[in-house]
Amino acid sequence: MPRFSTTDNIFNAEVPWAQTQYFVNRSGVIEVNNENLVWVKLGLGSLQLAESAPLKLLKIANGAIEDVSYLLNASADFAVTRNILVGDIDGDGNDDFFLNNHGPETPSGFPGEQNAIYLFNESNETFDEIIFPWMDFSHGSSLGDFDGDGYIDVLVNNLGSIENVPSYLLKQTATGSFQRVPLPVSLVDDIGPLTTAIDVDRNGTSDLVSVSQAGELTIYRDVLNASSLISATQLPITDAGTFELVTSDFDKNGQDDVLVLGTGDELQEGGIVVGGILKVLVIFDAGTSEQTVINVLDFAGLELLVTGGQQVAVVDLDNSSTPDLSITTFTSDWHQIRVEVFFDDDRNPDVIAHTDEETSINSIYVDVTNDGVKDLISIPSDNLSVNGGVLLDRFNSKAYDAAGSAGQTAKTLAAVIGEEGLSNKEYVGIGLQLFDAGQSLATVCELALNAVGATTNEDVVTTLYSNLYGESPSDDQLQEYVELLDQGVFSKGSLAAAAAELTDDLGVIDLVGLAETGIEYV
């Protein structure tokens, strides 16, 4: 069982576009002014009959939905938005949008659609809209500093020569404008349907990652000039297509990893490929000599379907500072399913499947209740629902309750034994049992002193002082505290408890870090 879990429904509210023909195309979270807003790109009609539909911004708090789409200063109406890139494009500390537009399918083909950027403007606390003049056939574009000049660029992926619209780079200048720069023809012809950016050499310049329809993962360096190939890896994906491609550091080793959602065996209806068996592939340390590929679902024994309607979110659900995954897609009987994936320190995934009725293909996570834990937001239809998120105090033989028994245990061991006491799993387990049973800090501290043989007043003072300050007390300091014990001002336990309360302030332990990493016990 993972440390993160969800509770019952907190509230339901009608969405602003209820009772219209709009449906939720894609959704996610954007952070501006240190506040998380939910964005929802609506759709209208099928791909062949798609009409313009707006982008919505929602603030969710106090059991209500507030439509704050006015912050966009525009309706952001586009017919077919293939995906939306969210990131700090202009470097002001706030997230921005790039709408990767595709356009509808018509009897004569794809006429294309204009792409757009929305940059958050701190001076007026709204977004500035930039609509580019070109009719693009964009699929899986990517954000990155592809020329190493310190400014984020946009690689607009038009699937090479399909529809005769070449891919290109929107290069950001020092003034914040964007210039269209062509890419080498050889690179354009090789780019697959989705791209992302990583930095293999950790030199500040983004490298391009692409996955072809046939499942070949390719990584390119210096895409504006020589465009050299760093690596090419055949993934276990068929030509049914690749549907999601994102990057993160799932093992926290400082090297970029790549997540690929695609299909294995094809799923056909009437001889037409409509999807396939889902593959969730993580390429650890992509492009390096240490590159490793795992299929997450192999660890769970799950057979899921992918049709192009799935969504993936990279989010730290358990507050461990390690990215987790939430994937929404379908089971073999076409019921929606949400899968959460948590990685341990050895890259082993813990996969949890949810098939409850609240699951929607647009499940996202925001701390609605402001308790430091993300809550689950679902938009299954005309209503938006929120299920509260909780973190378990004990998980995988680790205790995380820094404000409870785990914190009290850590303070006790640090004061009586020293920082190394926290690595004694048996002592930690005993401390947790005692504090869970309601024992006081002074009582447990005195038991710990007896356990380490500190029975005389001199031994107690020397032990506590040395563990707090890293050196023995002076003769005067020793005498001062021994006299307080002799006179009954302090008991051994209460003096040790007072010392324990100082361990975090003096840096002997880090309770904030403990709440994140946990403390191991047996």
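Structure shown above.
A quick note: this is a predicted structure, and the numbers were derived from the prediction, not measured.

Trainee: What am I meant to see in the sheet that holds strand E14 (residues 194-198) here?
Mentor: Paired through their backbone hydrogen bonds, the strands of a sheet run either parallel or antiparallel. The four strands are arranged E14-E15-E16-E17 in an open sheet whose pairing can be described as antiparallel. The sheet terminates laterally at E14 and strand E17 (228-234), the two strands that pair on one side only. The sheet shows a mean angle of 20 degrees between the axes of neighbouring strands, taken without regard to direction. Pairing of E14 with strand E15 (residues 207-211), which is carried by five bridges, proceeds in the antiparallel orientation. For Ile198, the partnering residue across the bridge sits in E15 and is Asp207.

Trainee: Just checking my understanding: could you explain the layout of surface pockets for this structure?
Mentor: With a probe scaled to a water molecule rolled over the atoms, the places where space remains empty come into view. In this model, the largest pocket occupies a volume close to 1700 Å³. Forming the walls of the largest pocket are 50 residues, and the residues nearest its centre are Val29, Val86, Val246, Ala313 and Val314. Of the residues forming the lining of the largest pocket, the biggest block, six residues, is contributed by strand E18 (residues 242-248). Among the residues making up the lining of the largest pocket, the classes are represented as 23 nonpolar, 17 polar and ten charged.

Trainee: What am I meant to see in the pairing of strand E26 (residues 349-354) here?
Mentor: When a strand is regular, its side chains alternate between the sheet's two faces. Pairing between strand E25 (residues 336-343) and E26: six bridges, direction antiparallel. Counterpart to Phe342 in the pairing with E26 is Asp350. If you look at the hairpin formed by E25 and E26, you'll find five residues sitting between the two strands, and Arg347 has a positive phi there, around 70 degrees.

Trainee: Before we go on, may I ask you to explain the packing of helix H2 (residues 405-416) against helix H4 (residues 441-451) in this structure?
Mentor: Geometry of a packed helix pair, given as the angle between the helix axes and the separation of the axes. One can describe the packing of H2 onto H4 by two numbers: an axis separation of 10 Å at closest approach and a directional angle of 40 degrees. Comparing the axis directions of H2 and H4 gives the class oblique. Two packed elements cross with a definite hand, and for H2 against H4 that hand is right-handed. Contacts between H2 and H4 pair Gln408, Thr412 and Val416 from the former with Leu441, Val444, Cys445, Ala448 and Leu449 from the latter. The class makeup of the residues in the contact of H2 with H4 is six nonpolar, two polar and no charged.

Trainee: Mind showing me how you'd approach the sheet that holds strand E10 (residues 142-144) here?
Mentor: In space, the four strands of this open sheet follow the order E10-E11-E12-E13, with antiparallel pairing throughout. Edge positions in the sheet fall to E10 and strand E13 (178-182), since each has one partner strand and no second. Each strand of the sheet is rotated relative to its neighbour by a mean of 25 degrees, with strand direction disregarded. In terms of strand pairing, strand E12 (residues 168-172) meets E13 through five bridges, oriented antiparallel. Looking across to E13, one finds that Lys171 is bridged to Gln179.

What counts, and where the lines are drawn
- Residues numbered from 1 in each chain as written.
- Predicted model: local features only at pLDDT ≥ 70, side-chain atom pairs only at ≥ 80, totals over all residues.
- Heavy atoms only, no water.
- Pairing = 2+ DSSP bridges.
- Helix = DSSP H or I, 4+ residues; strand = E, 2+ residues; numbered from the N terminus.
- Axes fitted to C-alpha atoms, helices over the stretch in contact; angles between N-to-C directions.
- 1 Å grid on protein atoms, 1.4 Å probe; cavity = no way out; pocket = protein on both sides within 12 Å on 5 of 7 lines; lining within 4 Å.
- Points joined across faces, edges and corners; volume = space filled by probe spheres on them.
- Nonpolar A, V, L, I, M, F, W, Y, C, P; charged D, E, K, R; others polar.
- Parallel < 35°, antiparallel > 145°, perpendicular 65-115°, else oblique.
- Left-handed = near helix turned anticlockwise from the far one by under 90°.
- Contact = heavy atoms within 4.5 Å.

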